[in-house]
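Below, each chain spelled out in residue letters.
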Amino acid sequence: MGKLAVYKYVAAMFLTIQVLISLFTFMGLFGGDVTPVGNTARAMSVYILPILIISNFIMMIYWLARRRWLFLLIPVFTVACCIPYIGTIYQFSFDNPQGNTQSGLKIASYNVAMFGRETSGFMAQDILAEMRRQKVDVLCIQEYSESSGDKKVSESYKDYFPYMQVGREDMVIYSRYPIKDYKTILFEETNNSAMWADIDVKGKEFRVFNIHLETTGINRTLHQAGKIMAQHRQVDNNRLINAIYGNYMMGMMFRSGQAITIANEKRQSDKPVILCGDFNDVPYSYVYNTVKGDMVDGFKECGAGWMYTYRSKNKPVRIDYIFHDESIKGIAYYKTELTYSDHYPVYMKVEL
């Protein structure tokens, strides 16, 4: 009787763990449907979705080993519901990831981490050389700076990108095709911004959005938390929680408001829209869903492999995106692992 009681206790414990993992997984899947304001726990559950999905796979192995077929259905069903989310970070594909054999319009988005502020201009010119090699037609840059060494970036880029438009001082769109109109979009209470430019591509105009949303503040938050722990042998849990939770939540709320601004601006366009930039947020978040709306996520349409755009061994996440209207068809979507920034450049080719 003692062994049977222990067996039942262990089985009940693992079943409880499975139910909790599944519940939190579904909370994460639908966490991006609500604004972070007033829905903190639900909104933040999106950020641990990869961990929850891995946990479900581990539980699948456990139930298989124990041959508990009925309980196995719980993680199987949960993971099946996660397939759309998984598709935002991983795609199985055997096509040419760069679409070099097909003609079209190639767009690139790159947060260059203030490349123009380095004195030699070396990085700026290397980035231009890479854009030439990739045959980029429209380049959207965030954290831009006009000065680079003894020559302005715009002047050195002019041979390949004859047209350019600057939004706020850290935003620019370079183009090989004429820019007919543009607009700068400022966000309240932060230094981030967005812009769009109407680009005439062989008689057809596209409205290209370049956006840079509020930072996650994760590095600043971790630094602040580290200082609190270093300064106080006895850690004040309230101060530590406020440093981690409060700062991160503030960034989430700023980004959610900025996402709504972009979504409203996008709806006013009478031209096909291509939208790209640094969202500083993960797929399935409120920001991702709000900005995307009824647009197509280019990576889900024609990407391949594992997509992450933040260049960090500890935080390999996808926070840079290219979306487009349903009237536009994507050909290829990929990134290159340049080391000039803490982000990777993202490329997409679309049919004209």
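Placed above this text is the structure.
The present account deals with the structure reproduced in this document. (Residues numbered from 1 in each chain as written. Predicted model: local features only at pLDDT ≥ 70, side-chain atom pairs only at ≥ 80, totals over all residues. Heavy atoms only, no water.)

## Quick look at the packing of aromatic side chains
Phase 1 of the analysis: Summed over all chains, the structure comprises 20 aromatic pairs.
Phase 2 of the analysis: Geometrically, the ring pair formed by Tyr-62 and Trp-63 is edge-to-face, given 4.9 Å between the ring centres and 65 degrees between the ring planes. Of the two residues, Tyr-62 and Trp-63, both sit in the buried class.
Phase 3 of the analysis: An angle of 85 degrees between the planes, with centres 5.5 Å apart, marks the rings of Tyr-85 and Tyr-284 as edge-to-face. Separated by 199 residues along the polypeptide, Tyr-85 in helix α5 (residues 83–86) and Tyr-284 in the loop between β11 (273–278) and α10 (286–292) bring together distant segments of the chain. Residues Tyr-85 and Tyr-284 agree in their burial class; the two are buried.
Phase 4 of the analysis: Above the face of the Trp-196 ring, Arg-207 is positioned so that its terminal group lies 3.6 Å from the ring centre. (Phe/Tyr/Trp six-rings, centres within 6.5 Å; stacked < 30°, edge-to-face > 60°. Buried < 20%, exposed > 50% of the residue type's maximum accessible area, 1.4 Å probe, protein only. Helix = DSSP H or I, 4+ residues; strand = E, 2+ residues; numbered from the N terminus. Lys NZ or Arg CZ within 6 Å of the ring centre and 35° of its normal.)

## Some points on the sheet that holds strand β15 (residues 330–335)
Phase 1 of the analysis: With mixed pairing, six strands are arranged side by side in an open sheet as β6-β7-β3-β2-β16-β15. Looking at strand neighbours, the two that pair on one side only are β6 (163–166) and β15, the edges of this open sheet. For this sheet, the mean angle separating the axes of adjacent strands, direction not counted, is 15 degrees.
Phase 2 of the analysis: As paired strands, strand β3 (residues 138–142) and strand β7 (residues 171–175) are joined by five bridges and run antiparallel to one another. For Gln-142, the partnering residue across the bridge sits in β7 and is Met-171. (Pairing = 2+ DSSP bridges. Axes fitted to C-alpha atoms, helices over the stretch in contact; angles between N-to-C directions.)

## Focus: a nonpolar patch on the surface
Phase 1 of the analysis: The grouping of Val-19, Leu-20, Leu-23, Phe-24 and Met-27 at the surface amounts to a nonpolar patch, some 430 Å² of accessible area in total.
Phase 2 of the analysis: Of note, Leu-23 is situated in helix α1 (residues 2–29). (Patch = residues over 30% accessible without salt bridge, like charges linked within 9 Å, V, L, I, M, F, W, Y side chains within 5 Å. Areas by Shrake-Rupley, 256 points an atom, 1.4 Å probe, with all protein chains shown as cover. Salt bridge = Lys/Arg side-chain N within 4 Å of Asp/Glu carboxyl O.)

## Notes on empty space enclosed by the protein
Any space left empty among the atoms is revealed by the rolling of a water-sized probe across them.
Phase 1 of the analysis: The final tally for this structure, using the stated rule, is one cavity of 30 Å³ or more.
Phase 2 of the analysis: Lining of the largest cavity is provided by Pro-36, Ala-43, Val-46, Tyr-47, Met-252, Asp-281, Ser-285, Tyr-286 and Val-287.
Phase 3 of the analysis: Of the residues assigned to the lining of the largest cavity, the class counts are seven nonpolar, one polar and one charged. (1 Å grid on protein atoms, 1.4 Å probe; cavity = no way out; pocket = protein on both sides within 12 Å on 5 of 7 lines; lining within 4 Å. Points joined across faces, edges and corners; volume = space filled by probe spheres on them. Nonpolar A, V, L, I, M, F, W, Y, C, P; charged D, E, K, R; others polar.)

## Looking at the side chain of Thr-290
Phase 1 of the analysis: Inspection of the secondary structure puts Thr-290 in helix α10.
Phase 2 of the analysis: You can call Thr-290 buried: its relative accessible area is 18%.
Phase 3 of the analysis: Engagement of the side chain of Thr-290 in a polar contact is seen with the backbone oxygen of Tyr-286, the distance being 2.7 Å.
Phase 4 of the analysis: The contact partners of Thr-290, leaving out residues within four places of it in the chain, are Ala-259, Ile-260, Ala-263 and Lys-266. (Polar contact = N/O pair within 3.5 Å; in protein donor to acceptor, adjacent residues only side chain to side chain. Contact = heavy atoms within 4.5 Å.)

## With respect to the state of the cysteines
Phase 1 of the analysis: Enumeration over the complete set of coordinates arrives at zero disulfides.
Phase 2 of the analysis: Among the cysteines around Cys-82, which has no disulfide bond, Cys-81 carries the closest sulfur, lying 6.9 Å off.
Phase 3 of the analysis: Cys-140 provides the cysteine sulfur closest to Cys-276, a residue in no disulfide bond, and the two sulfurs are 3.4 Å apart. (Disulfide = S-S within 2.5 Å.)

## Here we look at the sheet that holds strand β10 (residues 204–212)
The strands that make up a sheet are held in pairs by hydrogen bonds between backbone atoms, and each pair lies either parallel or antiparallel.
Phase 1 of the analysis: The six strands are arranged β8-β9-β10-β11-β14-β12 in an open sheet whose pairing can be described as mixed. At either end of the open sheet lies a strand with only one pairing partner, and these are β8 (179–186) and β12 (296–297).
Phase 2 of the analysis: Bridge count between β12 and strand β14 (residues 320–324): two bridges; the pairing is antiparallel. Looking at the pairing, Asp-297 lines up with Phe-323 of β14.

## Brief notes about the pattern of salt bridges
Phase 1 of the analysis: Inspection of the entire model under this criterion finds seven salt bridges.
Phase 2 of the analysis: In this structure, the salt-bridge partner of Lys-183 is Glu-265, at a minimum N-O distance of 3.1 Å. Taken together, the positions of Lys-183 in strand β8 and Glu-265 in helix α9 (residues 237–267) put the pair 82 residues apart, joining distant regions of the chain.
Phase 3 of the analysis: The class of Lys-183 is partly exposed, set by a relative accessible area of 34%.

Everything listed here is a matter of coordinates, which is why it stays silent on function.
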